[in-house]
Every structure is written in C-alpha cells, then in structure tokens.
Amino acid sequence: MSTGSISTAGRWAMLAVSLGATLCANVFINGVAFLIPMLHTRHGTSLAEGGLLASLPSLGMVLTLFAWGYLLDRVGERIVLSAGLALTAAAGFAAAHAHSTLTMATFLVLGGMAAASSITACGRLVIGWFPPHRRALAMGIRQTAQPLGIGLAALVIPELAKRGFSAALLFPAVLCAVAAVVSALGVRNPPRPAQSEATDRKSANPYRGTAVLWRIHIASALLMVPQPVVLTFMLAWFMMDRGLSVGWAGALVGFSQLLGAAGRIAAGRWADHVGSRMRPLRILAVATAAVMLVLAVTDHLDWPLAVPAMTVAAALTGDSGLPFTTIPELAGPFWSGRALSTQNALERLMVALGPPAFGALIATAGYPVAFATCAVFPLAAVPFVPVGTPPRTTPDATAEKAAAVES
C-alpha cells in the first residue's frame, strides 16, 4: 500500500521494522561462520573449507540481488520483504534438517538467494520515509542491524551448536519466519510516482554519462573486504589462537558488534552534521586500514593488545550505511532498486570470495599476513570515493513528500 504521508511515529515504526528484518536476515547470512570452530574440531574441516561454507549465503545473494532489485522497482517493499524472508525461513528449516553437508550447503545458497530481498528492500524503505536531512542518521540506525545480528549469532549459535548443528541452524530460520509475518503486517510502501508520471530525467539511466555511482560501488566493495575476513575467523582466532573459551569468545564478538552498531549511528549523525556522506566515508576508509595494520602487527608480535585490536577491527569494518543513503538519491525513484542491488551484489561478492581465499592465506602464511593484506583494500578505496558529488538534479517524489510531512 502506497501513501503520500505518514506520522513521525509511523516513520520510526518503518525504521524499526526495517531494522528487525535486516537483523534476522543477517543472523542467517552470517551465522554459519560461528560454526567454524566446531566444524574444525569435530570434523577436521579446514579454515578454507569452513570459510567457503560460511560464504555460501552471500554467494546466493549475489545470484539474485539484481532480480530482487528489479522486482522491488515494480511491486514495492512490502511484497519483496515479506516474501523474501518467508523463503529464507523455509531454506533455513530445510538446511537444519539436511542429512548431508552438500544438501545443507545447497539450502544455505538458496537461503542467501532469498535473503537478498531484505537487504535491498529494507534500505529503500528507510530512504523512502525519511527526509534528506535525517536520512544518514536513519540509515545508520538501520545499518546497526548487521552488527547486532552478527552479535546475536555469535552469542547464540555456538551454544546451540553444542546440542547439534540442526539446533543452531533452526535459530535463524525461526527469526526469519517471525520477521516475514511482521513485515507482511507492518510495512507501508513509501510514496513513489507512478511509472506513467515518469519524466525523461526521472526515469533516465543514472549510469549513463557519469561514473559517480560506479565509483561508490567500487569503493564500497573494496571497503567491504576486511569485514568477512575478520568476522568469519574472529571466533576461531579467539578460541584456537588466543585460547579463549566459547563463552568469552562469543561475548567479545557480541561486544564488538555493539560497538559497531554505535559506530554506525555516530557515522550517520556525523554525515548529517557536516552535510556530506562521502567525506566521512574517506576518513573511515583510512581508519579501517590503520586498525587492520595494528591488528597485524600486534598479532605478529603476540602482544595482548591484539585482542582489543581485533575487537575494534570487528566493530569498524563493514558498511557504515553512508553509501546506501547516497545511492537512491543519485539513482532516482525508478532506478533506486537496481542501483542498490548493484551495490549489494558487489559487496556480497567480496563477502563470498573473501573467507575461502583468506582462509587459504591464513593456513599458509598465518593471520598477521592476512590482516595486513586486508589493510590494502580500504586504502585502495579512498581515491574512488566521490567527495563533493551533488544528488541527482531531479529529486524523487519520495524525498519531496517525506520532507513535506516531516513533523
């Protein structure tokens, strides 16, 4: 259902639904990483193999993000979000009852294919209901869903794995089923002009004649590389390299993600305050590279500082939400779904390729070399960040109407 206005309480309710749906999807997408220590000790699974298994949901997302984006531009957020989460839950239940690793892996890929719907739809739901001067903060709050989902997975899934992998995999399936029902009942599609009202400027391909969107996509993909490496192997590093218990390791992962959630909100407020999303993004890229280098050095020297350095690295790496705030504004109302899908697809490709590649690097050269290599990617992202880029000359109707009814 589309509507031209919404109360302030309703707008924040949409943000809450978006955050909850993304959180549940992220428990499914990232939860397998926290089974790696169990797979390694009980079944002799190598880090590269464990990393590959953990990356399968992200690989599935890459396969369907463009299709979900196209559907999003056609039918809206409510249908895409509720249907996608329901399919994710079904795949999760099937994976939990699989009798072989290959069957489980297949359903993890299928679940990732379905979970891609929530990543794109939730982002546009927030952008559609918040006016420009509050979007960065709102998107920063929504982006806390990723670290909070990862933190929840780190605290719950290793403990459930003690009872069996089926119990561990049922947890994200149940969460996604609940989120699907909430989304079906609670989501209101943001206002958006009808396709018949499109003008040439509003409906024109935003990728033609400018490289700005591609620069944001490339910078975001490069910035994304350290996150899957840190998060996939963090629990294993704490337990097998630093000798921490499952409880302490899970608590540290959870704490790091709480820090990450606070950091995303702070980044959003910072961007709204300075009136730019890309300048803060450049600074965050440099800070990410510095933290990864500190982690590499302290781990190589076997200093106790390596543990807090890993915690900070897990909090800082990943997507701050700033690119996702800018892209719909640049793409316009008729291309925002596909533009967000392109952004997500490139990021998820890095998430899918990173764990198995760096798992092999860790096995041959060690953690410090892998961490130092990760630092190169955010530095490479800096020149791609398009500082000073204005929004698209024709604002979308969503922004205008949301601003008009802002209380």
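Just so it is clear, the structure is predicted and the values come from calculations on it, not from any experiment.

### Looking at the overall build of the chain
Stage number 1. Of the regular secondary structure elements, the chain holds 18 helices and 0 strands.
Stage number 2. A compact globule built from 407 residues should have a C-alpha radius of gyration of about 22 Å, and the chain, at 20 Å, falls within 12% of that.
Stage number 3. Dimensions along the principal axes, computed over C-alpha positions, put the chain at roughly 60 × 45 × 35 Å.
Stage number 4. In the chain, which comprises 407 residues, the share counted as buried stands at 60%.
Stage number 5. Pairs at least 24 apart in sequence give 85% of the contacts found in the chain among residues at least 6 apart.
Stage number 6. With an accessible surface of roughly 15,000 Å², the chain has 69% of that area assigned to carbon and sulfur atoms.
Stage number 7. Side-chain charges in the chain split into 26 positive and 16 negative, and the spacing between the mean points of these groups amounts to 5 Å.

### A short note on the packing of helix α7 (residues 145-161) against helix α12 (residues 246-274)
Stage number 1. One can describe the packing of α7 onto α12 by two numbers: an axis separation of 7 Å at closest approach and a directional angle of 170°. Our classification of the angle between α7 and α12 gives roughly antiparallel. Contacts from Gln146, Pro147, Leu148, Ile150, Gly151, Ala154, Leu155, Pro158 and Glu159 of α7 reach α12 at Val246, Gly247, Gly250, Ala251, Val253, Gly254, Gln257, Leu258, Gly260, Ala261 and Arg264.
Stage number 2. Tallied by class, the residues present in the contact of α7 with α12 amount to 11 nonpolar, 7 polar and 2 charged.

### Let's talk about the state of the cysteines
Stage number 1. In the structure shown here, the tally under the stated rule is 0 disulfides.
Stage number 2. Between Cys24, a cysteine without a disulfide, and Cys176, which holds the nearest cysteine sulfur, the sulfur-to-sulfur distance is 5.9 Å.
Stage number 3. The thiol of Cys122 is not disulfide-bonded; the next cysteine sulfur, from Cys24, is found 9.7 Å away.

### What to know about the confidence of the model for the chain
Keep in mind that low pLDDT regions are not for reading the predicted coordinates in detail.
Stage number 1. Chain-level pLDDT for the chain is 84 on average; 91% of the residues reach the 70-or-more range.
Stage number 2. Per-element confidence in the chain ranges from a low mean pLDDT of 37 for helix α18 (residues 397-404) to a high of 96 for helix α17 (residues 367-381).
Stage number 3. In this model, residues 390-407 is a region of pLDDT below 50 whose contacts with residues beyond four sequence positions or in other chains number 46 contacts.

### Points about the pattern of salt bridges
Stage number 1. Scanning the entire structure with this criterion turns up 7 salt bridges.
Stage number 2. Residues Lys162 and Glu159 are paired through a salt bridge, measuring 3.1 Å at the closest nitrogen-oxygen approach.
Stage number 3. When its relative accessible area of 49% is taken as the criterion, Lys162 is described as partly exposed.
Stage number 4. With relative accessibility at 35%, the residue Glu159 sits in the partly exposed group.
Stage number 5. Residues joined in a network through salt bridges with shared partners are Asp73, Glu77, Arg124 and Arg338.

### A short note on the packing of aromatic side chains
The geometry of two aromatic rings is summed up by the distance between their centres and the angle between their planes.
Stage number 1. Counting across every chain of the model gives 4 aromatic pairs.
Stage number 2. Consider the rings of Trp12 and Phe130, whose centres lie 5.2 Å apart with planes at 85°: the pair is edge-to-face. With Trp12 in helix α1 (residues 8-31) and Phe130 in the loop between α5 (101-129) and α6 (132-143), the pair connects residues that are 118 residues apart, well separated along the chain.
Stage number 3. Its relative accessible area of 37% is what places Trp12 among the partly exposed residues.
Stage number 4. It is Arg11 that lies over the ring of Phe130; its NZ or CZ is 5.9 Å from the centre.
Stage number 5. The ring of Trp335 is capped by Arg338, whose NZ or CZ atom sits 4.3 Å from the centre of that ring.

### Here we look at the side chain of Thr317
Stage number 1. Following the sequence through the fold, Thr317 ends up in the loop between α14 (306-316) and α15 (322-331).
Stage number 2. One polar contact links the side chain of Thr317 to the main-chain carbonyl oxygen of Ala313, over a distance of 2.9 Å.
Stage number 3. In contact with Thr317, other than residues within four places in its own chain, are Pro226, Gln227, Arg264, Thr288 and Met292.

How each quantity is defined
Residues numbered from 1 in each chain as written. Predicted model: local features only at pLDDT ≥ 70, side-chain atom pairs only at ≥ 80, totals over all residues. Heavy atoms only, no water. Helix = DSSP H or I, 4+ residues; strand = E, 2+ residues; numbered from the N terminus. Rg over C-alpha atoms; globule rule 2.2 N^0.38 Å. Buried < 20%, exposed > 50% of the residue type's maximum accessible area, 1.4 Å probe, protein only. Contact = heavy atoms within 4.5 Å. Areas by Shrake-Rupley, 256 points an atom, 1.4 Å probe, with all protein chains shown as cover. Lys, Arg positive; Asp, Glu negative; His and termini not counted. Charge placed at Lys NZ, Arg CZ, Asp CG, Glu CD. Axes fitted to C-alpha atoms, helices over the stretch in contact; angles between N-to-C directions. Parallel < 35°, antiparallel > 145°, perpendicular 65-115°, else oblique. Nonpolar A, V, L, I, M, F, W, Y, C, P; charged D, E, K, R; others polar. Disulfide = S-S within 2.5 Å. pLDDT = per-residue confidence, 0-100. Salt bridge = Lys/Arg side-chain N within 4 Å of Asp/Glu carboxyl O. Phe/Tyr/Trp six-rings, centres within 6.5 Å; stacked < 30°, edge-to-face > 60°. Lys NZ or Arg CZ within 6 Å of the ring centre and 35° of its normal. Polar contact = N/O pair within 3.5 Å; in protein donor to acceptor, adjacent residues only side chain to side chain.

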